[in-house]
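Read off the chains here:
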There are 2 protein chains.
Amino acid sequence: MPSEFDLIQRHFTRTAPNAVLGVGDDCALLQPGAGMQLAISTDTLVADVHFFADTDPHKLGWKSLAVNLSDLAAMGATPRWATLALTVPEVDDDWLAAFAGGVFRCADQYGVSLVGGDTTRGALSLTFTVIGEVPPNQALRRDGAQPDDEIWVSGTLGDAALALAVLQGRANLTTPDLATLAVRLHTPTPRVELGLALRGLASSAIDISDGLLADLGHILSRSGVGANIEYTQLPLGEIVHDYAAHPEFDACVLSGGDDYELCFTAPAAHHQALDDIATHLDLRLTCIGRIHAEPGLNVCNAQGQVLDIRCTGYDHFAA
Amino acid sequence: MPSEFDLIQRHFTRTAPNAVLGVGDDCALLQPGAGMQLAISTDTLVADVHFFADTDPHKLGWKSLAVNLSDLAAMGATPRWATLALTVPEVDDDWLAAFAGGVFRCADQYGVSLVGGDTTRGALSLTFTVIGEVPPNQALRRDGAQPDDEIWVSGTLGDAALALAVLQGRANLTTPDLATLAVRLHTPTPRVELGLALRGLASSAIDISDGLLADLGHILSRSGVGANIEYTQLPLGEIVHDYAAHPEFDACVLSGGDDYELCFTAPAAHHQALDDIATHLDLRLTCIGRIHAEPGLNVCNAQGQVLDIRCTGYDHFAA
């Protein structure tokens, strides 16, 4: 049976062009850019909580890094380095090779060097720590939203959540439609380019991992403001749009996790600049509402009347 | 039941003096010192693999951070920041409070700011990622050992392993002796000050987490050299010394993990400087052997004859 060190060596050791010293010592050594600040984030994915244990390992590798890069994107940071702590119940060489392949496909696409890690035996879980760089005072924080700022969302909402609802037997879709949405669930796209483009424009930003209402709620709470969002303005893909009459619809669109789109705020003066970014990046950006000074998050109809919609974000410890 | 966010907020959010922005956003923001390189390391501790699930949570908090700081020490880096990914089977407020207390006691002692984390539900495990700073070209790497360098070890060997052997029923000790050694097992001291003092003196370094032979073996392998170490020179505490006739003795001293002492090499010209460091830090430093050009790691008697001792380091995936 190969040793732990052989495993790490074989599957996870590649040249790390961003690093002074990569995998194989007590620590990796990194040289940050002169004067740059570092943005750092850690996320764990646990089997049977955050993903099915039989998930395709290549896709799992992609997703587990991508969701962490999404945090860097939400900060406006350039992804640079990552470490991986991988806990596996057994040594399955094929699984490890496929998983590492997915990790490196994502890492290569976003210019990230995997500079260290740990492999342990136990219940399957994955923890990435990612580090990016951002010039001082240019990070997109959660606490900068101001009254009268517009609220924007990238891409479309509810795709990943509807796919999950189907996979869990709570909804039905045709096989091709499920395949389309499953891409959003299993191989999400971290909005890195958008995060970089929003430097100097957005007053706050967050990535939508726990659902629009929960994540926008974090911006409101940290910024000490409230918001109205307009139900009919929420950006939907065709498949989710066609699902509007289903009881799962509101939950998917307003509280569905795993979309990893960015929700951000910006002064109305930047509206045209943001439309231009959408064109340039070929990425839908939709203004869905406005910040106001009074606390509270209201979902309104087109006439501005508050709708009685109750959903909350995903909570790992909720009953 | 409190939400995930409440939990994190309550137990793990403290002021982070080393950070531009601490816990509570998509990422933390850090400002590295001008020109400094970063040393980064990740380690996971899994319940029932690396520690007993019923371990005192305060001690576990200390140890789980301390073993990561030990990697920074082995690199000669100044500890600065840490993130924690914590997976717990249930929300146990008392446990979390005690665990966080242990983490922060260690963090405060070594000047580390906890700048981020993730709390998830699942089988109990803890992953710390730690970051330290080191001036360019001063890091203590594993690949710098040269023929004729002396090999040194800090502190004493086998203490933690003997405590573990007793707790697992493979050896016996009096209650006071077990209590003495259990401190070494449960609340190890990362040799941070020693690592800093070794900058410019040591040609290579590693921390002893998997046993002397395995960890010194990593230095030899990365440096492309071999070594002779002298069995009678291995530094032992009184309790382990008195255990010399026991069948577990060699395994504890040569292959026992969890001591978190430093093993390092240095040119013989630095022998006196290292003795002076030992005095200054009030920490035993023992020269146990010498590097040679031929591959292989030999344990020799006082006459230089190679002893037939077969032990290997701890391997999480060994049969």
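Before reading further, recall that the structure is shown in the block above.
What you see is a predicted model; the values in this text were computed from it and never measured.

Draft legend 1. Here's a closer look at the relation of the copies chain B and chain A. When chain B is fitted to chain A, the residual RMSD is 0.0 Å, and the transformation amounts to a turn of 180 degrees plus an axial shift of 0.0 Å. The operation mapping one copy onto its partner corresponds to a two-fold rotation axis. Mapped onto chain A, 100% of the interface residues of chain B again fall at the interface, so both copies present the same surface.

Draft legend 2. Representation of the interface of chain B and chain A within the structure. In this complex, chain B contributes 69 residues to the contact, which on the side of chain A involves 69 residues. Note on chain B versus chain A: buried area summed over both sides is about 5500 Å², and carbon and sulfur give 57% of it. Seen at the junction of chain B and chain A, the total is 2 salt bridges. Among the ionic pairs, arginine 142 of chain B bridges to aspartate 26 of chain A, the shortest N-O distance being 3.1 Å.

Draft legend 3. Seen up close, the packing of helix H2 (residues 57-75) of chain B against helix H3 (residues 93-109) of chain B. All names here are of chain B. Contact geometry of H2 with H3 gives a least axis separation of 6 Å together with a crossing angle of 40 degrees. Judged by the twist between their axes, the crossing of H2 over H3 is right-handed. For the pair formed by H2 and H3, the contact residues are Pro57, His58, Leu60, Gly61, Trp62, Ser64, Leu65, Ala66 and Leu69 on the first element and Trp95, Ala98, Phe99, Gly101, Gly102, Val103, Arg105, Cys106, Ala107 and Gln109 on the second. Of the residues in the contact of H2 with H3, the class split is 12 nonpolar, 6 polar and 1 charged.

Draft legend 4. Main features of the pattern of salt bridges. Tallied over the entire structure, the rule returns 20 salt bridges over all chains. Of the charged contacts in the structure, one is a salt bridge between arginine 184 of chain A and glutamate 261 of chain A, with a shortest N-O distance of 2.7 Å. Here the residue arginine 184 of chain A occupies a position in helix H5 (residues 175-186), and glutamate 261 of chain A occupies one in the loop between helix H9 (249-255) and strand E10 (262-266), the gap between them amounting to 77 residues. Comparing arginine 184 of chain A with glutamate 261 of chain A, the two get one shared label, buried. Of the charged contacts in the structure, one is a salt bridge between arginine 290 of chain B and glutamate 150 of chain B, with a shortest N-O distance of 3.7 Å. Placement of the pair is arginine 290 of chain B in strand E11 (residues 285-292) and glutamate 150 of chain B in strand E7 (residues 150-154), with a sequence separation of 140 residues. Here glutamate 150 of chain B falls in the buried class, since its relative accessible area comes to 8%. In the salt-bridge network here, residues are joined through shared partners; they are Asp159, Arg184, Arg191, Asp259 and Glu261 of chain A.

Draft legend 5. A look at helix H10 (residues 271-281) of chain A. Residues and elements named next belong to chain A. Taken as a whole, H10 has its buried residues at Leu274, Ile277 and Ala278. Buried residues of H10, seen end-on, are gathered within an arc of 100 degrees and therefore sit on one face of the element. Turned more than 90 degrees away from the buried face of H10, the exposed residues are Thr279 and His280. Those residues of H10 that are buried are in contact with strand E7 (150-154), helix H6 (192-197), E10 and strand E11 (285-292). Note on H10: the residue one or two positions beyond its end, aspartate 282, has a positive phi of about 55 degrees.

Draft legend 6. Structural detail: the side chain of aspartate 71 of chain B. Residues and elements named next belong to chain B. Relative to the elements of secondary structure, aspartate 71 occurs in helix H2. Put simply, aspartate 71 is tucked away with no salt bridge, and the nearest opposite charge, on arginine 142, sits 5.3 Å away. Of the polar contacts made by the side chain of aspartate 71, one reaches the side chain of serine 41; its length is 3.1 Å.

Draft legend 7. Examining the sheet that holds strand E12 (residues 297-300) of chain B more closely. Residues and elements named next belong to chain B. An order of E8-E10-E7-E11-E9-E12 is seen for the 6 strands of this open sheet, with the pairing classed as mixed. Each of the sheet's edge strands pairs with one partner strand only, and the pair in question is strand E8 (204-207) and E12. Strand-to-strand twist across the sheet, computed as the mean angle between neighbouring axes with direction ignored, equals 25 degrees. In the sheet, E8 pairs with strand E10 (residues 262-266) via 4 bridges, with the strands oriented antiparallel. Among the inter-strand pairings, aspartate 207 is bridged to a residue of E10, identified as leucine 262. In this fold helix H7 (residues 212-223) packs onto E7, E8, strand E9 (226-230), E10, E11 and E12, with an angle of close to 150 degrees to the strand it touches most, E8.

The rules we used
- Residues numbered from 1 in each chain as written.
- Chains lettered and ligands numbered in written order.
- Predicted model: local features only at pLDDT ≥ 70, side-chain atom pairs only at ≥ 80, totals over all residues.
- Heavy atoms only, no water.
- Least-squares fit on C-alpha atoms with pLDDT ≥ 70 in both.
- Contact = heavy atoms within 4.5 Å.
- Buried area = accessible area lost by both parts, 1.4 Å probe.
- Salt bridge = Lys/Arg side-chain N within 4 Å of Asp/Glu carboxyl O.
- Axes fitted to C-alpha atoms, helices over the stretch in contact; angles between N-to-C directions.
- Helix = DSSP H or I, 4+ residues; strand = E, 2+ residues; numbered from the N terminus.
- Left-handed = near helix turned anticlockwise from the far one by under 90°.
- Nonpolar A, V, L, I, M, F, W, Y, C, P; charged D, E, K, R; others polar.
- Buried < 20%, exposed > 50% of the residue type's maximum accessible area, 1.4 Å probe, protein only.
- Arc of directions from axis to C-beta.
- Lys, Arg positive; Asp, Glu negative; His and termini not counted.
- Polar contact = N/O pair within 3.5 Å; in protein donor to acceptor, adjacent residues only side chain to side chain.
- Pairing = 2+ DSSP bridges.

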